[in-house]
Amino acid sequence: MSTKALRTGPLPMRLKIIHGFGAVAFGVKDTGFSFFLLIFYNQVLGMDAGLVSLALLLALLADAVIDPILGNLSDRTYTRWGRRLPWLYAAPIPLALAWVILWSPPGGEPPSFLGLLGIAIVVRMLLSACEVPSVSLVPEITADYDERTTLFRYRYLFGWMGGLSMMVLAYTVFMPGPEGLLQQDGYVAFGIFGAALMAISVIGSAMGQHKLVAHLPATKPEPFSITGAFSEIREAFSEKAFLIFAAGGLAAYISQGMTFSISNYLNLFVWQFNSTALMAYPVVLFVSVVMMFFVVGPMHRRFGKPMSAAIAAILALLIGFLPYVLLLSGFWPEPGTTESTVGLYGFLIFANMFGVVVMISASSMIAEIVEAFEERTGRRSEGAFYSGNWLVQKCATGFGIFMTGQIISASQLSTDASPGSVPADVISTVVFLYGGASLALALIAAYWLGRFPINRADHEARVAAMNSAVRANPDGPGSAP
């Protein structure tokens, strides 16, 4: 299969924006699952935090098994609209309906463990049917080392914009004030609005890219089979570069899942945010993402993607945990005061900025593995590698949420806790367990992502050699010289 990309040279701004817009759906889902779902089912509906986090973990593990099938089906879709667009038109509406049900349990009562598990699996599966084909377009659109980073910058920017928009609306419209997060009614509107935003982003992005990517694939793929789907995933994990990425990415994704899912607990019960502080929280995160947008490119040009990821992982940990160290040491202002909140946000802006740099660097590395695999096997399998990434990400994120549930359970935080009245020993337990886990995960992520074996020179040499071979023999390896 030819390695020729759909675009050469700098990508037009319109394409960057349209492609990135499709990631809004992922941001909405991520904010819902990571920031609000555990506290909704635990503190609002009264389900045990350990049980809820176990259901979410099992849902992610089940979805991780489904992802390779979706990625393989995407690679093997053969239509006049290409391989990816049919998925981006078909999946968003069912996803939106499932999202509404997740936040509006029948009868307003907490579901059974199996009921929560089932709807969580459906939502995750349908989101994958949107995200895997969308992100698999990146190496198809461009083979340029920096332009791929640019596309991921825009994906992350729009993903965070979608997620933070939902957070702003949650704190100001749907569930205003600290007590609002503990009331059920606002979560229904939260689910309905998020569902509409998901569908609009995926379908709108697909329509905007339609003219560029809607064409019959150059090569008709082999028929789909379950055995073939998992065989390609095994092949992906046999690629040394992918294994190294997976080891570092696993730790980074676990840390992200744990940090996001525990944040509302920390904000309410450790830092005792008031309504104003909660409303400012997504704004602070957005500022950090905008700063990342201007930092990640220069870091990649100076240090390369692997070293940028390693440096950013360490900096995110050091900056992010200094306030907790100062708090437990008695050198931090009283939680709930303006001084405490402003100081925390000063650290959070930079910690989150470097945290997002880690994720962009890691995601962008996968695109380079596609050509390494093609050089070795003669096949392009973008969907297989990105579904392999999703397998890693979902298992890890699920485990991160599970860890939060176990931290909350181990701390013996009651299901009817009130900000300002939580015993000091409970707060200390939460912070120590969270801090210890974060330290270990950051070191693992930095070590393995820093060892990723494909740098800019390797990638550019590989693409040049493969394109030269295609020009010399445009009809494929079996054609006459």
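Because the structure is predicted, anything quoted here is derived from the model rather than measured.

Next up on the list: the packing of helix α2 (residues 24-44) against helix α6 (residues 113-141). How two helices pack is summed up by the angle between their axes together with the distance between the axes. Interaxial distance between α2 and α6 falls to 11 Å at its minimum, and their mutual angle equals 165 degrees. It follows from the interaxial angle that α2 and α6 lie roughly antiparallel. The interaxial crossing formed by α2 with α6 has left-handed handedness. In contact with Ala-25, Phe-26, Lys-29, Phe-33 and Tyr-41 of α2, α6 contributes Leu-116, Ala-120, Val-123, Arg-124, Leu-127 and Glu-131. Its residues assigned to classes, the contact of α2 with α6 comprises 8 nonpolar, no polar and 3 charged.

With 93% of its residues at a pLDDT of 70 or more, the chain has an overall mean of 85. Confidence, read as mean pLDDT per element, is least for helix α10 (residues 226-238) in the chain (71) and greatest for helix α5 (residues 92-103) (96). Low confidence marks residues 477-481, where pLDDT is under 50. Its contacts with residues over four positions away, or in another chain, come to 2 contacts.

So, on to the pattern of salt bridges. Counted under the stated rule, the structure contains 11 salt bridges. Salt-bridge contacts for Arg-84 lead to Glu-140; the nearest nitrogen and oxygen are separated by 2.9 Å. Of this pair, Arg-84 sits in the loop between α3 (49-76) and α4 (85-90) while Glu-140 sits in helix α6, and the two are 56 residues apart along the sequence. You'll find Arg-84 and Glu-140 in the same group, each marked buried. The partner of Arg-148 in a salt bridge is Glu-371, and the shortest N-O contact between them spans 2.5 Å. Note that Arg-148 is positioned in helix α7 (residues 145-174) and Glu-371 in helix α13 (residues 338-377), a separation of 223 residues in sequence. In this structure Glu-371 comes out as buried when scored by relative accessible area, which is 1%. A cluster of three or more residues bridged by salt bridges with shared partners is formed by Asp-75, Arg-83, Arg-84 and Glu-140.

Cut-offs applied
- Residues numbered from 1 in each chain as written.
- Predicted model: local features only at pLDDT ≥ 70, side-chain atom pairs only at ≥ 80, totals over all residues.
- Heavy atoms only, no water.
- Axes fitted to C-alpha atoms, helices over the stretch in contact; angles between N-to-C directions.
- Helix = DSSP H or I, 4+ residues; strand = E, 2+ residues; numbered from the N terminus.
- Parallel < 35°, antiparallel > 145°, perpendicular 65-115°, else oblique.
- Left-handed = near helix turned anticlockwise from the far one by under 90°.
- Contact = heavy atoms within 4.5 Å.
- Nonpolar A, V, L, I, M, F, W, Y, C, P; charged D, E, K, R; others polar.
- pLDDT = per-residue confidence, 0-100.
- Salt bridge = Lys/Arg side-chain N within 4 Å of Asp/Glu carboxyl O.
- Buried < 20%, exposed > 50% of the residue type's maximum accessible area, 1.4 Å probe, protein only.

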